[in-house]
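Each chain, written out:
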Amino acid sequence: MIRHPAVFLDRDGTLIEEVGYLDRVERVRLFPWSVAAIRALNEAGIPIVLITNQSGVARGFFTEAVVDEVHRHIGELLGAGGAHLDAYYYCPHHRDGKIARYAIACDCRKPGRGLVDRAIRELGVDGPASFTVGDRWLDIALARNIGGRGILVRTGYGAEEIKHRYDRIPILQKPIETDALKLIFRIQPAAAQAPDAEVERRAAVG
Ligand SMILES: [Mg+2]
Ligand SMILES: [Zn+2]
């Protein structure tokens, strides 16, 4: 099987606005550029896998049915603009959760790589050649855990997180619709081989 690079996309603060625990579908707001960004990746043939921590399920703030409804709604909003995500994966767990069956130390809560391993298994994507895009360092830590590239966006918590950057992590200071996409398109063919310094250099000039 030929494995293709994918984009592992964070949800809250990256694809949609960060609103705290998203417990109602009415609170979903795509960023103005989200549809065009996703469509561009679709047209480039790059699979996009949503990877999101939803510990609100374990904490008893909302149910998995609500998460599914939110994801259906996001799918409809994207679909209206001719864009789609290839899969929606989420972690409902949290060690300190109130709901017993979700109150576990799982391997799928980011930066754990459980959901990425599922994408590798179910979708046949190439983990180390893939990009992880998110607004928190834990998204970038996930990228490191799979040996891939991380892109920190400035939306959501990104603008705050960027103030506490640590070394040798490729960062991108513009929202996903501009430089993140450009970066993905430019280094995608050689992503598996590109050393971090090269990614940083290209990000700086991009
Ligand atoms: Mg986020
Ligand atoms: Zn989990």
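Just so we're clear, the structure is a prediction, and the values are computed from it rather than from any experiment.

Student: Explanation requested: the sheet that holds strand 5 (residues 149–152) in the structure shown.
Tutor: The strands making up a sheet are joined through hydrogen bonds of the backbone, oriented either antiparallel or parallel. Pairing is parallel across the open sheet formed by 5 strands, whose spatial order is 3-2-1-4-5. Of all strands in the sheet, those with a lone pairing partner are strand 3 (87–91) and strand 5, marking the two edges. Neighbour-to-neighbour, the strand axes of this sheet turn through a mean angle of 25°, independent of strand direction. Summarising the sheet, strand 1 (residues 7–9) and strand 4 (residues 131–134) pair through 3 bridges and their orientation is parallel. Residue pairing in the sheet places Val7 in a bridge with Phe131 of strand 4.

Student: Please clarify how the environment of Gly112 should be interpreted in this entry.
Tutor: Among the structural elements, Gly112 can be located in the loop between strand 3 and helix 3 (114–123). Here Gly112 falls in the partly exposed class, since 19 other C-beta atoms lie within 10 Å of it. Sequence separation of Gly112 and Ala143 is 31 residues, and the distance between their C-alpha atoms is 9.8 Å. Residue contacts for Gly112: discarding those within four places in its chain leaves Cys106 and Asp107.

Each value, and the rule that gives it
Residues numbered from 1 in each chain as written. Chains lettered and ligands numbered in written order. Predicted model: local features only at pLDDT ≥ 70, side-chain atom pairs only at ≥ 80, totals over all residues. Pairing = 2+ DSSP bridges. Helix = DSSP H or I, 4+ residues; strand = E, 2+ residues; numbered from the N terminus. Axes fitted to C-alpha atoms, helices over the stretch in contact; angles between N-to-C directions. Buried ≥ 20, exposed ≤ 12 C-beta atoms within 10 Å, placed from the backbone. Contact = placed C-beta atoms within 7 Å.

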